[in-house]
Amino acid sequence: MSSLDIFTGETIGTAVLILLGGGVCAAVTLKSSKARNAGWLAITFGWGFAVLTGAYISAPLSGAHLNPAVTLGLAIEGGTEWGDVPLYFASQMLGAVIGAGLVWVTYMGQFTAHLTDPEIVGDKKGHEGMVDKAAAPDAGPVLGVFSTGPEIRNTVQNMLTEIIATAVLVLAILTQGLNGDGNGLGILGVLVTSFVVVGLGLSLGGPTGYAINPARDLGPRIAHFFLPLPNKGGSDWGYAWIPVAGPLIGAALAGGLYKIAFV
């Protein structure tokens, strides 16, 4: 893979991942959306299909990492060169910011209606639905469309949840999903990984919203901070380090376990 292939594949693939994943969160959350209150099942399957679509698009170019945790796990496993890791990380972050911006463009009218409704902006916990009950005083009413947050704020539990969920994801990719070169997802591996993401959402997503991907959480959180959304509230930077550190730790553990147990 050339540097251009990695940059193009990861930027486009991650942008599509966030567009569709953030899009389902917007659809379930925002006023005047036909899918409002569709619930957690819609979100988990929406994110699973988002992974499926983004990964199939990017796999021929970059191996469809779409996730710094996956890149780290593959580097530890040996399929990805350590020298390529910074480019993967930067491309994934850029794609995540772009994808979040596209969610805003797609739902612009719904964001405005939601954030100018006194019933919404008067309650910093936001919509009582399935996306963001995270809500600390500094978490805005639509932050859950862009990034994750815990139902119960407990640093140790929240960190452990992200570590465990990401370790399962990365271990599944390493054991079931790699292409012939071992440096990214194969055709069947994309499908397997998408089902794993759905399963993680259903089984382990309840406590924190299962970021399991630093770029998926941090990129859209940055977009939320800069987007011109009325009455949007805070971006909850006090929590933002957990969905970055937790997945990276989980990926490192999964990569180490893979080398010990499966190689």
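Keep in mind the model is a prediction, meaning the values are calculated, not measured. (Residues numbered from 1 in each chain as written. Predicted model: local features only at pLDDT ≥ 70, side-chain atom pairs only at ≥ 80, totals over all residues. Heavy atoms only, no water.)

A. Quick look at the environment of Pro220. Assignment of secondary structure puts Pro220 in helix 10 (residues 214-226). Pro220 gets classed as buried once you look at its relative accessible area, which sits at 1%. Linking Pro220 and Met93, residues 127 residues apart in sequence, is a C-alpha distance of 8.9 Å. Here Pro220 is in contact with Ile18, Ala96, Ala100, Phe146 and Ala215, once residues within four sequence places are set aside. (Helix = DSSP H or I, 4+ residues; strand = E, 2+ residues; numbered from the N terminus. Buried < 20%, exposed > 50% of the residue type's maximum accessible area, 1.4 Å probe, protein only. Contact = heavy atoms within 4.5 Å.)

B. Representation of helix 9 (residues 187-204). Helix length check: helix 9 (18 residues) gives 26 Å between terminal C-alpha atoms against 26 Å at 1.5 Å per residue, within 8%. Within the span of helix 9, buried status applies to Gly189, Val190, Thr193, Ser194, Val196, Val197, Val198, Leu200 and Gly201. In this structure, the buried residues of helix 9 make contact with helix 2 (40-62) and helix 8 (155-177). (Expected span 1.5 Å × (residues − 1).)

C. Inspection of the packing of aromatic side chains at higher detail. Taken as a whole and judged by the stated rule, the model has 5 aromatic pairs. With centroids separated by 5.6 Å and ring planes inclined at 20°, the aromatic side chains of Phe111 and Phe146 adopt a geometry described as stacked. Of the two residues, Phe111 is situated in helix 5 (residues 108-115) and Phe146 in helix 7 (residues 143-146); the sequence distance between them amounts to 35 residues. Ring centres 6.0 Å apart and planes at 70° place the aromatic pair Phe225 and Trp237 in the edge-to-face group. (Phe/Tyr/Trp six-rings, centres within 6.5 Å; stacked < 30°, edge-to-face > 60°.)

D. Geometry of the pattern of salt bridges. One pass over the full model with this rule turns up 3 salt bridges. In this structure, the salt-bridge partner of Arg153 is Asp236, at a minimum N-O distance of 2.4 Å. Of this pair, Arg153 sits in the loop between helix 7 and helix 8 while Asp236 sits in the loop between helix 10 and helix 11 (242-261); the two residues are 83 residues apart in sequence, bridging distant segments of the chain. Given a relative accessible area of 39%, Arg153 falls into the partly exposed group. A relative accessible area of 2% means that Asp236 is categorised as buried. (Salt bridge = Lys/Arg side-chain N within 4 Å of Asp/Glu carboxyl O.)

E. Quick look at the packing of helix 1 (residues 3-29) against helix 2. Between helix 1 and helix 2, the shortest axis-to-axis distance is 8 Å and the interhelical angle comes to 165°. On the basis of the axis angle, helix 1 is roughly antiparallel to helix 2. Considering only the axes of helix 1 and helix 2, their crossing is right-handed. Looking at the contact of helix 1 with helix 2, its residues break down into 16 nonpolar, 10 polar and 2 charged. (Axes fitted to C-alpha atoms, helices over the stretch in contact; angles between N-to-C directions. Parallel < 35°, antiparallel > 145°, perpendicular 65-115°, else oblique. Left-handed = near helix turned anticlockwise from the far one by under 90°. Nonpolar A, V, L, I, M, F, W, Y, C, P; charged D, E, K, R; others polar.)

F. Region of the structure containing a nonpolar patch on the surface. Among the surface-exposed residues, Leu4, Phe7, Leu94, Ile98 and Leu102 lie close enough to one another that they form a single nonpolar patch of about 420 Å² accessible area. Put simply, the parts of the chain that give the nonpolar patch at least two residues each are helix 1 and helix 4 (85-106). Inspection of the secondary structure assignment puts Phe7 in helix 1. (Patch = residues over 30% accessible without salt bridge, like charges linked within 9 Å, V, L, I, M, F, W, Y side chains within 5 Å. Areas by Shrake-Rupley, 256 points an atom, 1.4 Å probe, with all protein chains shown as cover.)

G. Structural detail: helix 3 (residues 68-77). Buried residues dominate helix 3, accounting for 9 of its 10 residues. Taken together, the buried positions of helix 3 are Pro68, Ala69, Val70, Thr71, Leu72, Gly73, Leu74, Ala75 and Glu77. Where helix 3 starts, the residue carrying a side-chain oxygen 2.8 Å from the main-chain nitrogen of Ala69 turns out to be Asn67. Backbone geometry just downstream of helix 3 places Gly78 in the positive-phi region, at approximately 110°. (Polar contact = N/O pair within 3.5 Å; in protein donor to acceptor, adjacent residues only side chain to side chain.)

Honestly, it's all geometry; don't read function into it.
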